[in-house]
Amino acid sequence: MRASSRFVAGLALAGAFLTGVDAAIQTVTRNGRYLYTADGNRFYIKGVAYQEQGAVVASASNTFLEPSTFIDPLANGTACTRDLPYLQQLGVNAIRAYSVNSSLNHDSCMQTFSNAGIYTIIDLSLPGNGSMDRDAPSWTTNLLDLYIETINVFSKYNNVLAYNVGNEVVIAANGTAAATFVKAAARDVKAYLNSINSGALVGYASIDADATWLDPLANYLSCDPSGSNSGAAAIDLFGLNNYEWCGNSTFEASYAGVEGQFAGYNVAAYFSEFGCITSPPRLWTEVGALLSSEMSPVWSGGVAFSYFPAASAQGQFGMVTISPDGSTVTTSSDFTNLQSQYAAASPPNSPSQSAAGATSYPSCPQQNSTWLASNTLPPTPNLAACQCLENNLSCQFTPSTSNYTAIVGSLLDYACSLIGQSGGSCSAISSNGTTGQYGAVSECDPTIMLSYVMSDYYIATGANAQSCSFGGNGTVNSKAPSSATAANNAASSCLASASGTSVPTLPAGAPSPSGSSSSSGGGSGSSHSAASIVFADARTLMGMGVLVAAGIASGLWTIA
C-alpha cells in the first residue's frame, strides 16, 4: 500500500485545471447499440463506482447488505478535489454514483469532474423508501417526483452520461413482474428528459442471473410494447453487474457465455459493476477482455467496483482508504492493478458512427413460467389528480408522529383488513405487474392511498367519526362530499385524467431546469457536506410493505 499526501494531490489537481480540459468534454450519444463522442469516435466506459457506503444493517431481509443511509458523493467539493488525482491515475472517464441528494449543491464536484473529462452515471433511487420495493413494486407520484427533481438539479451539468431508473430491482424469476414498473419509470423519465431537451441516456443496472429470465429482462426493457418500433418506453443503456471473472480467468471461461447472450441486443450495454473478490488479489485482467475486439461488438466498457471500501455478503471491496480526518488517500494493490489494466486497454474504434445503424425496437417477450411481466404498463403517475383526490377524501391521514413513514404500511394493512371484514376491497390501491391491472389510486403516494382506504372504511361505517381515528392518525375532512355517491363522483372526476401516459412535470414550487445540456446529447464551490442521510418525507415514501386485500369482494366505494 502507499500513502499520498495532500501536496501531491494538489499538484495533480492544479495541472488538471491549467490544461483547460473543461472545454474538451464532449457530448456522448447512442447510435444503435453503440456510444459515440461528438467527434465520431466510439466511446467506452472506463469507470469506477464512486460512493462511500452508508449504514448497513444485516438482517434476514437484507441478504445483499444494502445500506439504509447514504453519503452523497457529489456534494462534497473538498472530497472530490481530494480524489480527482487518483481517479486520473486510474485512467477513468466515468464514475457511478448510487444515491444523490437533490437538495444539496453539486456544483463543485460536477465542475471538477467535468474539467477532468469525467462523466457521471447517476442512479435516481435512494436507499429504502426512495426505491422500488422488490416485494411490492409500484410506480407512484412520490417516486416519479424524486426522480425528476434529481434530474432537474443535475440538468445544468454537461457531464451527466446517464440516469439509472433502478439497480437490481428484479433479482429472481418469481419477481420479474416488477419489470413493468421499471419500464414505466424508464418511459416517464425519458419523456421528461425529452421535454427539457436533455439527451442523457436512460439506463438500468441488473443483477447477473440465469439466462431464462435475464435475457427476457434485458429484451423487455429495450422493447416496444406498442409494436410500432418506438423507443419511447425503452432504455438506452443496459447495465449488467457481472462478477464472473475471478482471479486470472479467461474470456472463454468467464465471458463467452454472456457475450453470446447479448450478441443481438439492440441498445448499448456495459458492465455496470465488475471486480470479483473471491479469488484475491484482484488482478483486473478482465479489463483486457472487456475492452477488446472480442467484446466490443456487444459491450461498451464497464464500471469497476469500488473506489471506496464497501462491505458485502461476499466480502470487502475497495481500492483506497481515507484517513479519519478525510485528508489523505491510501491506495492498495487493487488500485494499482486496475490502473495498469486500464492504461493497457485499447478498444477498437469501430464500427464507425455512420455504420452503427438505427435502433430497432422489437416486440416484447411473452409471459411464461420464468417471465411474469405484462406488456401493459402502469400509467404515468399524476400528482395533480392525486392531490385533487386527497382534497376530496372524507377521512385524511394526519399522523400523530413526525416519523410517519414508520406507520403508513401497518395502517394500510390494518385499514384494508377492516374493509375486507366489511365486505369491501382495497383493489383501488393495488398494482399487479403480471396481469397488467393497476388500481385507480395505485399511482398515488402511500399517504394518499392510506387516506383513501381510511375514507372507504369511514363511509362504510356510516361516517362514524371514531372510524376515522385510526389511533389518532386520521381527521374527518369537513369539506369533503357528505355521501358515498358524492364522494365517488368527486373521486372519479379527480382521477379521470390519471390514466394512460403523459409527459411528467415538476411539482409546484420546484425550480425550473437550468441549462439542460447533458453530456449525452441533451446536456462554484459547495459548502455543503455529504452527510449520511435518510429521507423520510412524502416524496420518498415507498416500499411500505403494503399488503392489500385485492381479492376481496367488490368494494363499497368503487371509482368508475
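For the structure, check the block above.
Described in the following lines is the structure provided in the data block. (Residues numbered from 1 in each chain as written. Predicted model: local features only at pLDDT ≥ 70, side-chain atom pairs only at ≥ 80, totals over all residues. Heavy atoms only, no water.)

### Section: the overall build of the chain
Heads up, the rule is: Numbering of helices and strands runs from the N terminus; a helix is a DSSP stretch of H or I covering at least four residues, while a strand is a stretch of E covering at least two. Under the scheme applied here, a residue whose accessible area is under 20% of the maximum for its type counts as buried, over 50% as exposed, and between as partly exposed, the area being computed with a 1.4 Å probe on protein chains only. Computed by Shrake-Rupley with a 1.4 Å probe, the accessible areas treat only the displayed protein chains as cover when residues are assessed.
Counting its secondary structure elements, the chain contains 14 helices and 21 strands. The buried share among the 560 residues of the chain stands at 56%. When the accessible surface of the chain is totalled, it reaches about 20500 Å², and 52% of it is carbon and sulfur.

### Observations regarding the nonpolar core
Our working rule: We define the nonpolar core as a collection of buried residues of types Ala, Val, Leu, Ile, Met, Phe, Trp, Tyr and Cys that are connected through side-chain atoms lying within 4.5 Å of one another. The criterion used for residue contact is that any of the two residues' heavy atoms lie within 4.5 Å.
Counting 99 residues, the largest nonpolar core has Leu-74, Phe-113, Phe-238, Trp-299 and Tyr-307 as the members making the most contacts within it. Among the elements that make up this core, the one with the highest residue count is helix α5 (residues 179-195) (nine residues). Contacts of Phe-238, omitting those with residues within four sequence positions, involve Tyr-204, Ser-206, Leu-214, Ala-218, Leu-221, Phe-262, Tyr-265, Ala-268, Ala-269 and Tyr-270. Cys-395, Val-441, Ala-491 and Ala-498 belong to the second largest nonpolar core, which has 34 residues in total.

### Some thoughts on helix α3 (residues 107-115)
Among the nine residues that make up α3, eight are buried, leaving the element largely enclosed by the rest of the structure. For α3, every residue scored as buried is listed here: Asp-107, Ser-108, Cys-109, Met-110, Thr-112, Phe-113, Ser-114 and Asn-115.

### Some words on the pattern of salt bridges
The test is simple: A pair is scored as a salt bridge if a Lys or Arg side-chain nitrogen falls within 4 Å of a carboxyl oxygen belonging to Asp or Glu.
Counted by the stated rule, this structure contains eight salt bridges. Its salt-bridge partner being Arg-96, residue Glu-273 comes within 3.7 Å of it at the nearest N-O pair. Linking Glu-273 in strand β11 (residues 268-274) with Arg-96 in strand β6 (residues 94-97), this pair joins segments that are 177 residues apart in sequence. Between Asp-107 and Lys-156 there is a salt bridge whose closest N-O contact spans 3.0 Å. Note that Asp-107 is positioned in helix α3 and Lys-156 in the loop between α4 (141-154) and β8 (160-167), a separation of 49 residues in sequence. Several salt bridges share partner residues, and in doing so they unite Arg-30, Lys-190 and Asp-236 into one network.

### Some thoughts on the state of the cysteines
Disulfides are covalent bonds that link the sulfur atoms of two cysteine residues. The cut-off we apply is this: The term disulfide is used for any two cysteine sulfur atoms that are within 2.5 Å.
Here the structure, examined in full by the defined rule, presents seven disulfides. With a sulfur-sulfur separation of 2.0 Å, Cys-80 is cross-linked through a disulfide to Cys-109. Residues Cys-80 and Cys-109 are joined by a disulfide whose S-S torsion is about 90 degrees; by sign, that bridge is right-handed. Here Cys-109 lies in helix α3 and Cys-80 lies in helix α2 (residues 77-90), a separation of 29 residues in the sequence. Accessibility expressed as a relative area gives 0% for Cys-80, which makes it buried. The disulfide partner of Cys-223 is Cys-364, and the gap between their sulfur atoms is 1.9 Å. The sign of the 85 degrees torsion about the S-S bond sets the Cys-223-Cys-364 disulfide as right-handed. Placement of Cys-223 in the loop between α6 (211-221) and β10 (237-241) and of Cys-364 in the loop between α10 (333-344) and α11 (383-392) is noted, with a sequence separation of 141 residues between them. The burial state of Cys-223 is the same as that of Cys-364; both residues are buried.

### Remarks on the packing of aromatic side chains
Rules: Aromatic contacts are taken between Phe, Tyr and Trp rings whose centres are within 6.5 Å, Trp giving its six-membered ring; a plane angle under 30 degrees counts as stacked, one over 60 as edge-to-face, and the others as tilted. Cation placement over rings: the criterion is NZ of Lys or CZ of Arg within 6 Å of the ring centroid and within 35° of the ring normal.
Tallying each qualifying case throughout the model produces 24 aromatic pairs. When the ring of Tyr-414 is compared with that of Phe-470, the centres are 6.0 Å apart and the planes differ by 80 degrees; the resulting orientation is edge-to-face. With Tyr-414 in helix α12 (residues 405-421) and Phe-470 in the loop between α13 (446-460) and β20 (474-476), this residue pair connects regions lying 56 residues apart in the sequence. With a relative accessible area of 46%, Tyr-414 lands in the partly exposed category. The class for Phe-470 is buried, based on a relative accessible area of 9%. Chaining the aromatic ring pairs together yields one cluster made of Phe-238, Trp-245, Tyr-255, Phe-262, Tyr-265, Phe-271 and Trp-299. Over the ring of Tyr-220 we find Lys-183; its NZ or CZ atom is 5.5 Å from the centre of that ring.

### A closer look at the sheet that holds β6
Strands pair in a sheet through their backbones, by hydrogen bonds, and they do so in one of two ways: parallel or antiparallel. Put simply, the rule reads: For two strands to be treated as a pair, DSSP must find at least two bridges joining them. Convention adopted: a line fitted to C-alpha atoms gives each axis, helices being fitted over their contacting stretch, and angles between N-to-C directions are expressed from 0 to 180 degrees.
The parallel closed barrel is built from eight strands, whose spatial order is β4-β6-β7-β8-β9-β10-β11-β12. Across the sheet, the mean angle from the axis of one strand to that of its neighbour is 25 degrees, orientation sign disregarded. In the packing of α6 onto the sheet, contacts are made with β9 (201-207) and β10, and the angle to β9 comes to roughly 170 degrees.

### A closer look at unusual backbone geometry
Across the junction of Pro-280 and Pro-281, the peptide omega takes the value 0 degrees, indicating a cis bond. Within the fold, Pro-281 resides in the loop between β11 and α9 (286-290). Cis rather than trans, the peptide bond between Ser-350 and Pro-351 has omega equal to -5 degrees. You can see Pro-351 is positioned in the loop between α10 and α11. Residues other than glycine seldom take positive phi values, yet Asn-229 does so here, at roughly 60 degrees. Within the fold, Asn-229 resides in the loop between α6 and β10. A positive phi angle, near 55 degrees, is found at Ala-463, a position not held by glycine. With respect to the helices, strands and loops of the structure, Ala-463 is situated in the loop between α13 and β20. Accessibility expressed as a relative area gives 38% for Ala-463, which makes it partly exposed.

### Re the pairing of β10
Selection rule: With its strands directed away from the observer, a crossover is right-handed exactly when the path from the first strand over the helix to the second travels clockwise.
Most of β10 is tucked away: five of the five residues are buried. On β10, burial covers both faces: Leu-237, Gly-239 and Asn-241 on one face and Phe-238 and Leu-240 on the other are all buried. Of the pairings in the sheet, the one linking β9 to β10 comprises five bridges and is parallel in character. Counted as the bridge partner of Ile-207 is Asn-241 from β10. For the crossover from β9 across α6 to β10, the handedness is right-handed. Sheet topology note: the β10/β11 ladder contains four bridges and is parallel.

### Notes on the pairing of strand β3 (residues 34-37)
Walk down a regular strand and you will see the side chains alternate between the two sheet faces. Burial along β3 is two-sided: the residues Tyr-34 and Tyr-36 and Leu-35 and Thr-37 are all buried. By the bridge criterion, four bridges tie strand β2 (residues 28-31) to β3 in an arrangement that is antiparallel. Across the sheet, residue Arg-30 finds its bridge partner in β3, namely Leu-35. Between the end of β2 and the start of β3, which pair antiparallel, lie two residues, with Gly-32 showing a positive phi angle near 60 degrees.

### Considerations on the side chain of Ser-374
Worth spelling out the cut-off: Whenever two N or O atoms come within 3.5 Å, that pair is a polar contact, provided that in protein one can donate a hydrogen and the other can accept it, and provided that, for residues adjacent in sequence, both atoms are side-chain atoms.
Relative to the helices and strands, Ser-374 resides in the loop between α10 and α11. Judged by its relative accessible area of 7%, Ser-374 is buried. At 2.9 Å, the side chain of Ser-374 forms a polar contact with the backbone nitrogen of Thr-376. Dropping the residues within four chain positions of it, Ser-374 is found in contact with Thr-180, Tyr-220, Gln-367, Gly-433, Thr-434, Thr-435 and Gly-436.

On their own, these measurements won't tell you what the molecule is for.
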